[in-house]
Each structure stands twice: as C-alpha cells, then as structure tokens.
Amino acid sequence: MADPARPAIALRAIEKWYGTRDAPVHALAATDLEVPEGEFLVLLGPSGCGKTTLLRMIGGLIPPTAGELLVEGRRLWRAGQRQGEALADLGMVFQDANLFPWLTIEDNIALPLELKGWPRERRLQRAHALMRLTGIAGFERRWPRELSGGMRQRAAIARALSYDPRILLMDEPFGALDAMTREAMNLELQRIWMQTGKTVVLVTHSIAEAVFLADRVVLLSPRPGRVDMIIPVPFARPRAPDLQSTPEFQDIVRRLRRRLSEIS
Amino acid sequence: MPDAAAPTNAAPPAALRRQRLTRDAALPWITTPCVLLGLIAVWEFYVVEFRVSALILPRPGAVWEAWVEMLHSPRAWHHTGMTVYATLAGFAWAAVIGVSLGVVIARVRWLELTFNPFIVATQVIPKVALVPLFVLWFGFGITSKVVVAAVLAFFPILTNTALGVKSIEEGHRDVMLSLNATRWQVFRRLELPSALPFILTGFEIGIVLAIIGAIVGEYLGGNAGLGHLLIARLNAFETADMFAVLIHMSILGFLFYFSIGVLRKVLIPWHASARLKV
C-alpha cells in the first residue's frame, strides 16, 4: 500500500524558534528534507546544531514554528495540534531507555499496546516475539533495574516496535553505552532494520557510528541549525565491523570530520 | 553480543545481594529484644535501689501484670476499638483528600500558587492547639477524634503526593507523549505508579500522626478511647495501669506503621525502599 514514490517523511521549510519574543533563539532554519521509504538516515552534527530538536519535531514531541511535516503522506502538525493517525506510524527510542521501573520488561514492551486496548494475552504474545527479535528473550519477568544498559535499550527498541510503526526515530540511542556494547548494538540495529524493513532516522554525534549505519548521513551545522551537506554511504549490507578499517570507509569519515571541525 | 548474557548468568550476584539483605534484616530481631531487656533491667534496678514510690514509677513486673489484666478486660478492648476506629477513619479521610488534592496541585500551576501560602500556614500552626476548637465544633463523640486524626495526617500525605507527581522523569513523560496517551492514561499508567513511593512515605508519616491526633482528641473530651483511659488512670493515681495503657498505645502505633511497610512490599515491589524496610 506504500506508494514507492512517496517519501516516508517529508519536511517542507520546517523551522523552529525557541524562547520569548524578546530573546528568541533560532534552533533550526527552514529545512527541506525527504526520507524515502525503508531508508536508514543519520542526522549528525555538533551539539547545538538542532539535530535533537529536528528529531523531536518529527516525533511529534515539539511543534515546529513554521513549515509542513508529512509522515507517510499525512500532516503531523495541524495548527499546533498533533494528528493521531500520523503518530501511529512513528516509534521513538530515546538516549535513556526510559523503561517504567514499576513494570516488568514484558509489560514495558507491551505498554503501547495496553494503551491501545489490546487484551493482555495478545499483547504479551507480541512482546515475546519482539524480545526474540531484539535478543532479550528470557528476561520477560525481570525488572528494568536488573538489566544492563544495552539490554534496557534493546527493550526500548522492542517497545517502539510493538505497535508496528513504519518509522523508527532514535535520539542517540546508544550514547550512554560503553564502546564495546555500542558496537554490538550497532550490528544488532542493522540486523533488526534489515529484518523489519522500517524507515530509520537516527541522531548521533559519533561520526563512525553514522557512517557505519547510514544509507545517507545528513550533516547539520549550528547557529542556527541547518543542513550543511548530505553524504550518501554506498557500502553493501549487511555491513561487518571490519568495514570500518577499509580506506573507503575512512575516506568518508575523514571528509565528515574535516567539515565538522570547520562548522563547529 | 557481550551484553546478551542469559538470565542464569546474571543470577549469582543478585542472589548474593539478597543473602546480605536477609542478614541485615535479621539483625534487629536479635538486637531489639536485647536492648529492651537491658532497659527493663535498668528500670527495675533503679526502682528497687532508690526505693522509688510506685505512684511515680511502678516496677516493670507490676506494669506487666496491669497490661495482662488489661488484655483480659472487655472494656479496655472497647476503648482500643474506639481509638483504632478514630485513627483509621481519620487516616482514610486524610489519604483520600490528601492524595487527590496533591495530584491536582502538582498538575495545575495556578492552584499550587494559590494554595501554597495556606498550606505552609497550616503546616506551621501547632494543630494540636486547635483540638479544643474541634471538640467545640464536632462534640465530645468520636467525630471530633476522627477530625483531629485526619487534620494531622493530611498534610504530609498532601505534600508527599504533590512532590511525587512533580518528580516524574521528563523522559517517562516523553514516552507517554510519543505514544499519544490520553490524560487519564498518563495519570493511571505513569503519574500514579511513579508517585506511589512518595505517597507511601506520606502514609507512613500520616498514620503515626493520625494515632497521635486520635489520642490527643481523646485526652480532651469524651469518655472513650485509649487517650481517655490514660487520663482516667492518671486521675485515679493508678500509675501501673497508666503505663499499661502507654504500652498498649505503643504497640498499636507499631502495628499501624508496620502495615504501611507491608503495603509498600505489596504495592511497589520494584522500588528499592520495599527491599530495605521492614
């Protein structure tokens, strides 16, 4: 039913101002961007470049000051009001897993389905399937505090996938993890993305992570935040960790690093 | 996948921790009786050695006998029942009003700003001083005791609830926001469970204050309840019986406090406080 020509996400002159009338802050200058169906897009940039602001606008958490935002062809914001149908296509993963400590892992993952009124048995069945997909089967009845950071983030991904949104929005999802876990999670994410065929928009400030994961890297520059350049990453999938030591990979990393130091 | 360890691998440290917690929890069961026995011995020694009048301080044995006698007296149990009722009824009112008002105040900014000066004012007024007024308004019967218990227990429950609802993590709110949850769902699935540890802390303080309120109310008016019984014994110079009533009250207080601890274990098993408290 998805029209191949229609982008999963379309930003038309999206703009964001923060603050009062006296001291407004231009967080994001008018931005146009299209994310095709099934793409893995990474937003990269120094702090203050508006990448999190941009992602939170796409996720329906903060309203844009101006412009139009289409999710699967439907307007997300209408007169400052979020539109429920468009939200159903979006799943969000935050830097902190943000699991509710009073719910077991399975209940956390099933929470979105509970809010939609699914019967308990059905939503737990769905949660268990997602726990197998994200590699945390066996932890169904554990409390979140009993899991490691990487495990908790897997559960957060499972929760975001529970209601089968077409698009996954991830705000520095592995930023709080140690380097080794982070690399493992990048591989896992690639596998989950290939298995589910979702459209992913991921925010990061790690250049290597961006190049490893992305079909396209969008580099944002600060004050005000705006798209500086877009770099396609042509490597075949699935990508293995060894890819990172190839000259082609290093080349893209170098280009991005040089540009980053110029703009930040 | 270094972090994808099977659950069995995670079990040993958790089990070790549990073991230490059990050992820590067992310690008071040994020390408390020892310290108590020591205190009673000092008491006995003091009374015998310095020949203290039984009117001032009866011997522990005499107090014990008076208390055992009290346990066999239906009238004493009637008084106990009245105090328990006044405490629980007062606490129930305080809990219902305190929690609902606390939730509302934490969510509606202008209500908080409007109410806050009055909340602070009523906090600093010595509420016990108002007890005669309550007796005047609500009579010498049980109602005035319930009201005093409720008034005393109300504020810690209110303030702790409001604090709990305000302490909800922004990230948790973002999750509910991104899931397009309704206001009721946010309250039922996020705010209430998140604030529950705070609410229970309010209950813990509140239940102790409720029993104080009930007893002080009984001191000043009426002819029922443990507070009334204590004053009656005092006026009759039956000091041993007075001590017996004191013991009775203390045990009651312990039981109430203890039941909130049990409530904690049942309602918030996920919270750290449920594992450390009694």
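Rules used throughout
- Residues numbered from 1 in each chain as written.
- Chains lettered and ligands numbered in written order.
- Predicted model: local features only at pLDDT ≥ 70, side-chain atom pairs only at ≥ 80, totals over all residues.
- Pairing = 2+ DSSP bridges.
- Helix = DSSP H or I, 4+ residues; strand = E, 2+ residues; numbered from the N terminus.
- Core = buried A, V, L, I, M, F, W, Y, C linked by C-beta atoms within 7 Å.
- Buried ≥ 20, exposed ≤ 12 C-beta atoms within 10 Å, placed from the backbone.
- Domains from an automatic or database assignment.
- Contact = placed C-beta atoms within 7 Å.
- Axes fitted to C-alpha atoms, helices over the stretch in contact; angles between N-to-C directions.
- Left-handed = near helix turned anticlockwise from the far one by under 90°.
- Nonpolar A, V, L, I, M, F, W, Y, C, P; charged D, E, K, R; others polar.
- Arc of directions from axis to C-beta.

(A) Molecular detail of the sheet that holds strand 4 (residues 66–71) of chain A. All names here are of chain A. Taken in spatial order, the four strands line up as 2-1-4-5 in an open sheet, and their pairing is antiparallel. The open sheet has two free edges, formed respectively by strand 2 (25–35) and strand 5 (74–75), since each of these has just one partner strand. As defined by bridge partners, strand 1 (residues 9–18) adjoins strand 4 across five bridges and the pair is classed as antiparallel. Of the residues in strand 4, the one forming a bridge with leucine 11 is leucine 69.

(B) Region of the structure containing the nonpolar core. All names here are of chain A. Residues Val42, Leu43, Ala155, Leu169, Val201 and Val218 are the most contacted members of the largest nonpolar core, which totals 74 residues. The dominant element in this core, judged by the number of residues it contributes, is helix 5 (residues 149–161), at seven residues. Of the residues that make up this core, three or more belong to each of domain 1 (9–89 + 167–263) and domain 2 (98–164). Beyond its immediate chain neighbours, meaning those up to four positions away, valine 201 contacts Ile9, Val35, Leu41, Leu43, Leu55, Ile58 and Leu169.

(C) Looking closely at the packing of helix 3 (residues 74–107) of chain B against helix 6 (residues 142–166) of chain B. All names here are of chain B. One can describe the packing of helix 3 onto helix 6 by two numbers: an axis separation of 6 Å at closest approach and a directional angle of 35°. Here the hand of the crossing between helix 3 and helix 6 comes out right-handed. Tallied by class, residues from the contact of helix 3 with helix 6 come to 25 nonpolar, five polar and three charged.

(D) Representation of helix 5 (residues 131–138) of chain B within the structure. Residues and elements named next belong to chain B. Of the positions making up helix 5, those classed as buried are Val131, Phe134 and Val135. Down the axis of helix 5, the buried side of the element spans an arc of 105°, and every buried residue falls inside it. Counted as exposed and oriented over 90 degrees from the buried face of helix 5: Pro132, Leu133, Leu136 and Trp137. In this structure, the buried side of helix 5 is in contact with helix 6 and helix 8 (183–220). Positive phi appears at glycine 139, one or two residues downstream of helix 5, with a value of about 85°.

(E) Structural view of the environment of valine 48 of chain B. Along the chain, valine 48 of chain B falls in helix 1 (residues 7–49). Look at valine 48 of chain B and you get exposed, because 10 C-beta atoms sit within 10 Å.

(F) Fine view of the interface of chain A and chain B. Listed by partner, the interface residues are 25 residues for chain A and 21 residues for chain B. Secondary structure elements with two or more residues in the side of chain A that touches chain B: helix 2 (84–87), helix 3 (105–115), helix 5 and helix 6 (179–196) of chain A. The element that contributes the greatest number of residues to the side of chain A that touches chain B is helix 6 of chain A, accounting for three residues. Tallied by class, residues from the side of chain A that touches chain B come to 14 nonpolar, nine polar and two charged.

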